[in-house]
Amino acid sequence: ECNLKKEPAINTSKLLDTAVAELSKKLFYKYYLDDTEILEALRDWIHPLPDGSLPALKIRTELYRIIAKFGLHEYEMASLNEYFQRSEERSKD
């Protein structure tokens, strides 16, 4: 919404700290992966914005770090990395 209005996503930046704090709790990793749609939610946060630009580097960096901590299989991580790299390349065009 802010992106379409050409405004900074201040609420997203504020929410990032809370999200990172909660998602960093190793005790809940299995729950997040098995019983929630956390990867889809993280994808939405990292996915290019409606105007084709990428979310703030801090957001992408923190969420990539969280995804890596979840201990996904190497194949799944490679697929995620490939997907996001293609997204970044498209947004540069």
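Model, not experiment: these values are computed from the prediction.

## Focus on the packing of helix 1 (residues 10-23) against helix 4 (residues 57-69)
Next up, step 1: For the pair helix 1 and helix 4, interaxial distance at closest approach is 11 Å and the crossing angle is 15°. The orientation of helix 1 relative to helix 4 falls into the category roughly parallel. When the axes of helix 1 and helix 4 are compared, the crossing they make is left-handed. Of the residues in helix 4, those touching helix 1 at Thr-12, Leu-16, Asp-17, Val-20 and Leu-23 are Lys-58, Ile-59, Glu-62, Leu-63, Arg-65 and Ile-66.
Next up, step 2: Looking at side-chain class alone, the contact of helix 1 with helix 4 contains six nonpolar, one polar and four charged residues.

## Details of the pattern of salt bridges
Next up, step 1: Applying the stated criterion across every chain yields a total of five salt bridges.
Next up, step 2: For Asp-17, the salt bridge goes to Lys-58, with nearest N and O atoms at 3.9 Å. Remark: Lys-58 occurs in helix 4 and Asp-17 occurs in helix 1; sequence separation between them is 41 residues.
Next up, step 3: Taking the relative accessible area as the measure of exposure, Lys-58 reaches 51% and is therefore exposed.
Next up, step 4: One salt bridge connects Glu-22 with Lys-25, and the closest N-O pair in it is separated by 3.1 Å.

Reading the values: rules and limits
- Residues numbered from 1 in each chain as written.
- Predicted model: local features only at pLDDT ≥ 70, side-chain atom pairs only at ≥ 80, totals over all residues.
- Heavy atoms only, no water.
- Axes fitted to C-alpha atoms, helices over the stretch in contact; angles between N-to-C directions.
- Helix = DSSP H or I, 4+ residues; strand = E, 2+ residues; numbered from the N terminus.
- Parallel < 35°, antiparallel > 145°, perpendicular 65-115°, else oblique.
- Left-handed = near helix turned anticlockwise from the far one by under 90°.
- Contact = heavy atoms within 4.5 Å.
- Nonpolar A, V, L, I, M, F, W, Y, C, P; charged D, E, K, R; others polar.
- Salt bridge = Lys/Arg side-chain N within 4 Å of Asp/Glu carboxyl O.
- Buried < 20%, exposed > 50% of the residue type's maximum accessible area, 1.4 Å probe, protein only.

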